[in-house]
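# Architecture at a glance
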Amino acid sequence: MGAGDNLILPDRIIPDRAGWIDVPICEAILTKDARILCTVDGSDNSMTALNFVAEGLMQKDRSTFVEVFHIYDTSKTYLPVHCQKVALRSTCEAIMTSSVSSKRYHLTWSSKSDKAGPGGQLCDAIRELSVDYVCMGFFGLKGRKSAHDVFGGLLSTNVAKVLNMGNSCSLICIKDEDAGVLPIKQKKAVFVVSVSLNKTSTKAFLDALRLSKPGDEIHVVYIKSFMEFEDSDYTALVREKYEGFFNSFKDEQQQVFSKFHDRSVQFVLVNKQRRESTPQSVVRYADEVNADFVVVGANAADRVARGKKPVGSVSLQICMLFERNFIVANWIDVIPRVYDTHVRSAATPL
């Protein structure tokens, strides 16, 4: 019996598991040494992303390791000096050296491959390094010139490539162009997590928890139908599921979950307004609470195997509609023994 074995769902939820991820896997997600790949190209978005990783994530979690990754093109001699490979490497080295020990990061500068292209090279790096998170700017140096039209909004080519890859890592996408507005150092972060009864939502909540620091707010949001005047059985199950999580934070016998007792967590039922879509409802609430991040779940590998897009339309619309940063938490369904052997035990590179 592990420390989390008494963290169970109410009996009426157990038959279909209600999107529950086994406790040992939940604990592994929250405790394993995290590997982050942060892409840079000198653009405001990418440098803000690097600052968020170096001065934010790596300060609150001393077990993280980051690979700073840049793809350069020697033919682009017209780029501003600060975006060229030598100057950019020097800038990134200075940021990392001033933030963390040299043992906790590595810089990789790769020449552009005409065959794979930057997006393909980025996806290859994600696979080869087995990273847990990839952090990147929403737009690169080309800005809106190199972007896809998604639900009426623009999504950069490389972000689209990562989302379409169907990999197990989660994407942290930074839209902010000024690091000063990000929740780093002592500034509180506000996460809004869109949930329902599935494992991808559970993973989204766990990622928000893992990426948070003491004092941060995590709003777990479920959108009620416009015609749902009283809580349905489904709504009640969602509430019970996350209240079970919240109660575990106060239980000292929970060796892992109790470490997060100093986060401010709440379950929020948001009533959908007339003619309002679910993504619009989530974003409306996120704007009301001045959220820094919206967090959505995706089971990319399973969806790709079934011939679907890696990220569902509702989740993607939430990310596109929200004006600030978003996290797409990827989940691959595995049994606890496999996860424990191949993920939990993974060691941080030296």
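Read on for a plain summary of the structure. Only a predicted model underlies this, so the values are computations on that prediction, with no experimental measurement involved.

## Remarks on the environment of Phe-139
When you line up the elements, Phe-139 lands in the loop between strand E4 (133-137) and strand E5 (147-150). On the basis of relative accessible area, Phe-139 is assigned to the buried category, the value being 12%. Along the sequence, Phe-139 and Thr-157 sit 18 residues apart, while their C-alpha atoms lie 8.5 Å from each other.

## Some words on the packing of helix H1 (residues 23-31) against helix H6 (residues 199-211)
Viewed as axis vectors pointing N to C, H1 and H6 meet at an angle of 35°, and their least axial separation amounts to 9 Å. For the element pair H1 and H6, the recorded crossing hand is right-handed. Contact residues: Cys-26, Ile-29, Leu-30 and Thr-31 in H1; Lys-203, Leu-206, Asp-207, Leu-209 and Arg-210 in H6.

## Some remarks on the nonpolar core
Counting 65 residues, the largest nonpolar core has Met-96, Ile-172 and Phe-205 as its most contacted members. In terms of residues, this core owes the most to one element, helix H2 (residues 44-60), which gives eight residues. Those residues in contact with Ile-172 that lie beyond four places of it in its chain are Phe-52, Leu-57, Tyr-133, Val-134, Cys-135, Met-136, Leu-211, Phe-293, Phe-326 and Ile-327. Formed by 38 residues, the second largest nonpolar core is a distinct cluster that contains Met-136, Val-190, Ile-223 and Val-270.

## Comments concerning the pattern of salt bridges
Going through the model one piece at a time under the given rule, you end up with 13 salt bridges. One salt bridge in this structure joins Lys-203 and Asp-207, with 2.9 Å as the shortest N-O distance. Of this pair, Lys-203 and Asp-207 both sit in helix H6, four residues apart, which is roughly one turn of that helix. For Lys-213, the salt bridge goes to Asp-216, with nearest N and O atoms at 3.2 Å. In this pair, the class of Lys-213 matches that of Asp-216, namely buried. Each of Asp-176, Asp-292 and Arg-324 takes part in a single network of salt bridges with overlapping partners.

Analysis parameters
Residues numbered from 1 in each chain as written. Predicted model: local features only at pLDDT ≥ 70, side-chain atom pairs only at ≥ 80, totals over all residues. Heavy atoms only, no water. Helix = DSSP H or I, 4+ residues; strand = E, 2+ residues; numbered from the N terminus. Buried < 20%, exposed > 50% of the residue type's maximum accessible area, 1.4 Å probe, protein only. Axes fitted to C-alpha atoms, helices over the stretch in contact; angles between N-to-C directions. Left-handed = near helix turned anticlockwise from the far one by under 90°. Contact = heavy atoms within 4.5 Å. Core = buried A, V, L, I, M, F, W, Y, C linked by side-chain atoms within 4.5 Å. Salt bridge = Lys/Arg side-chain N within 4 Å of Asp/Glu carboxyl O.

Geometric values such as these leave the question of function open.
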